[in-house]
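# Structural overview
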Amino acid sequence: MSTDRVSVHGGWASRWVFILAATGSAVGLGSIWKFPYMVGVYGGGAFVLVFLACIALIGLPVMLAETLIGRRARQSPANALKALALEAGHSAKWSWGAFAGMITALLILSFYSVVGGWSLDYIIDMGRGDFQGVTADQVGAYFSAVTADPWRLTLWHTLFMLLSALVIAKGVVAGLERSLRIMMPLLFVMLLVLLGYSMTTGHFMQGLHFMFDFSLDRLLDGLLPAMGHAFFSLSVGVGSIMVYGAYMPKHSSLAGTVMGVALLDTFVSLVAGMALFPIVFAAGLNPSEGPGLMFISLPFAFGNVAFGQLMGVVFFVLVAIAAWSSAISLLEPMVAYLVERTKIRRGWVTFWLAFSCWFVGLGTVFSFNVWQQAKFFVNEGDAFHLYRWGAAGGLDFFGVIDFFTSRIMLPLGGLCFVVFAGWVMGREAVRDELSLRSPLLFTLALFLMRYVAPVGILVVFAAQLWK
Ligand code: PFF
């Protein structure tokens, strides 16, 4: 039996620390930066509703699958799938799915670090008072000036990557656990303070209406983006939660824990949206600003309201902390895998992987300046170009990586894990690992992993193609 395996990377002191770590992974730029701007772009309430449905019906079962695979095998994702597949008499090739996931995590980290770097930059800018009394145009120009400077972006990207690599290099128990104990509670407090502040703007109800009123005809618009974002937000589909599951104590309830993490993450996304939109409305700005929503609208808002400078610093510190604890979890799966496979020291493995991600991240840095005109997948009426310099449409380098990872690889990775837990591992192994007291709950969990989540993912893909 595999139930008494131990991880060579150490383990969380308690279930509570796993919750801290997994919440630290889940809550990040996805909740605070990406979720609000996607809500704005994809029509407010309709997107929120689909997102919540995807979290409950797809994201949650995938998260359960990942943690139970991780905890059962106590190894990095690719090795975990290999070990459990062989144990259940299936092909070791299942590990390829996890391997693809671990590569996806590194690709996400490459751009994640760049955006994380912006938030570090903005802490300083805010604190210096650069945004005091600015107009919307000025703050837009400020953001353009920041992103137009490849050196500046590279500097912050480098710093952010170094900060993330430092924790990973020290090892999961020593590094992660100690930092997260302080970071996570602080994050929640800061977010609630921000929410309280936004209630005083006089536009709180307008923000709520924007986020929760929806018209049925907009439901389909953001289906694939909402599903992709549910994966991104919960950190599932790439093995991040799986590797954290591998460090989880044996005797702790998986289902309850996973539910707690998903609830906390969703709560933070919703609170971030509820805190952010009233500020945007109070400043008379457009909620469908796109990826710039946070970095253009908020400094403007903060620059023009009482105590805005202080609130702005608090907000960007919050974002940087959240991004940092997520970046760590993007690096850990591949680091753990290489440490297991090669026996090279953790510090070296971390250094080389972080360096590679940093290097790929330069592509994202350049997407905002010197490579701004480099466009991929350009659809010009009847002509389609894989690549075209200076085209009006298409995706830049950053857009390609974001699209490929969030909309394609994360759902596919999630499909692989949930099918693995539902169909490959074997019912008894899953039952043993979940150790749910109620047979009814076990049947429900299995049903979600076997049918609801896989079918849900396939239906969303099909709906997208069919649209
Ligand atoms: N969940 C993180 C966020 O919302 O910012 C991002 C992320 C972390 C995605 C880890 C995927 C992952 F494996």
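Structure first, text after, so check above.
A brief structural summary. (Residues numbered from 1 in each chain as written. Predicted model: local features only at pLDDT ≥ 70, side-chain atom pairs only at ≥ 80, totals over all residues. Heavy atoms only, no water.)

## Considerations on the packing of helix H6 (residues 136-148) against helix H13 (residues 293-303)
Taken N-terminus to C-terminus, the directions of H6 and H13 make an angle of 135 degrees; their axes are 9 Å apart at the nearest point. Taken as axis vectors, H6 and H13 run oblique relative to one another. For H6 against H13, the interelement crossing comes out right-handed. Across the interface between the two elements, Ala136, Val139, Gly140 and Phe143 from H6 touch Phe295, Ile296, Pro299 and Phe300 from H13. Among the residues forming the contact of H6 with H13, the class breakdown is seven nonpolar, one polar and no charged. (Axes fitted to C-alpha atoms, helices over the stretch in contact; angles between N-to-C directions. Helix = DSSP H or I, 4+ residues; strand = E, 2+ residues; numbered from the N terminus. Parallel < 35°, antiparallel > 145°, perpendicular 65-115°, else oblique. Left-handed = near helix turned anticlockwise from the far one by under 90°. Contact = heavy atoms within 4.5 Å. Nonpolar A, V, L, I, M, F, W, Y, C, P; charged D, E, K, R; others polar.)

## As for the environment of Trp96
By the secondary structure assignment, Trp96 is in helix H5 (residues 94-128). Once the C-alpha coordinates of Trp96 and Asn369 are considered, the two residues, 273 residues apart in sequence, prove to be 36 Å apart.

## Here's the deal with the pattern of salt bridges
Throughout the structure, instances matching the rule amount to 12 salt bridges. We note a salt bridge from Arg128 to Asp130, for which the minimum N-O separation is 2.7 Å. In this structure Arg128 comes out as exposed when scored by relative accessible area, which is 54%. Taking relative accessible area as the criterion, Asp130 reaches 25% and is therefore assigned partly exposed. (Salt bridge = Lys/Arg side-chain N within 4 Å of Asp/Glu carboxyl O. Buried < 20%, exposed > 50% of the residue type's maximum accessible area, 1.4 Å probe, protein only.)

## Here's the deal with the packing of aromatic side chains
Within the structure shown, the criterion is met by 37 aromatic pairs. For the pair Phe351 and Phe355, a centre-to-centre distance of 6.5 Å together with 15 degrees between the ring planes defines the contact as stacked. Within this pair, Phe351 and its partner Phe355 are both found in helix H15 (residues 346-367), separated by four residues, close to a single helical turn. Three or more aromatic residues link up through ring pairs in this structure, and these residues are Phe111, Trp118, Tyr122, Phe131, Tyr142, Phe143, Phe295, Phe302, Phe315, Phe316, Phe368 and Phe398. It is Lys34 that lies over the ring of Phe232; its NZ or CZ is 4.3 Å from the centre. Here Arg450 stacks its cationic end above the ring of Trp423, 4.4 Å away from the centre of that ring. (Phe/Tyr/Trp six-rings, centres within 6.5 Å; stacked < 30°, edge-to-face > 60°. Lys NZ or Arg CZ within 6 Å of the ring centre and 35° of its normal.)

## A few points about empty space enclosed by the protein
The tally for this structure, following the rule as stated, stands at one cavity of 30 Å³ or more. Its boundaries defined by the atoms lining it, the largest cavity holds a volume of some 130 Å³. In terms of lining residues, the largest cavity is bounded by 16 residues, among which Ser25, Tyr112, Phe232, Ser235 and Leu330 are the most central. Split by residue class, the lining of the largest cavity holds nine nonpolar, seven polar and no charged. (1 Å grid on protein atoms, 1.4 Å probe; cavity = no way out; pocket = protein on both sides within 12 Å on 5 of 7 lines; lining within 4 Å. Points joined across faces, edges and corners; volume = space filled by probe spheres on them.)

## Here we look at the packing of H5 against H15
Geometry of a packed helix pair, given as the angle between the helix axes and the separation of the axes. One way to put it is that H5 packs onto H15 with a least axis distance of 8 Å and a crossing angle of 60 degrees. Accordingly, the angle class assigned to the pair H5 and H15 is oblique. Handedness of the H5/H15 crossing: right-handed. In this structure, H5 uses Leu106, Leu107, Leu109, Ser110, Phe111 and Val114 to contact H15, whose residues at the interface are Leu353, Cys357, Val360, Gly361, Thr364 and Val365. Across the contact of H5 with H15, the residue classes break down as nine nonpolar, three polar and no charged.

## What to know about helix H14 (residues 308-342)
One turn of an α-helix holds 3.6 residues; hence residues three or four places apart share an orientation. In this model H14 runs 50 Å from its N-terminal to its C-terminal C-alpha over 35 residues, within 8% of the 51 Å that 1.5 Å per residue would give. Burial within H14 is extensive, with 27 of its 35 residues counted as buried. In the stretch just after H14, Lys343 is the one whose phi turns positive, near 60 degrees. (Expected span 1.5 Å × (residues − 1).)

## Thoughts on unusual backbone geometry
In this structure, Ser235 takes a positive phi of about 65 degrees despite not being glycine. Examined against the element boundaries, Ser235 turns out to sit in the loop between helix H10 (223-234) and helix H11 (240-245). If you check the backbone angles, Phe377 has positive phi at about 50 degrees while not being a glycine.

## Quick word on the layout of surface pockets
Computed from the structure, the largest pocket encloses a volume of approximately 540 Å³. Sorting the residues of the lining of the largest pocket by element identifies helix H2 (29-41), H6, H10 and helix H16 (397-424) as the ones contributing at least two each. When residues in the lining of the largest pocket are grouped by element, the largest group, six residues, is from H16. The residue inventory of the lining of the largest pocket, partitioned by class, reads 12 nonpolar, eight polar and four charged. Here the second largest pocket is characterised by a volume of approximately 270 Å³. The set of elements that each furnish at least two residues to the lining of the second largest pocket consists of helix H3 (45-73), helix H12 (254-282) and helix H18 (439-466).

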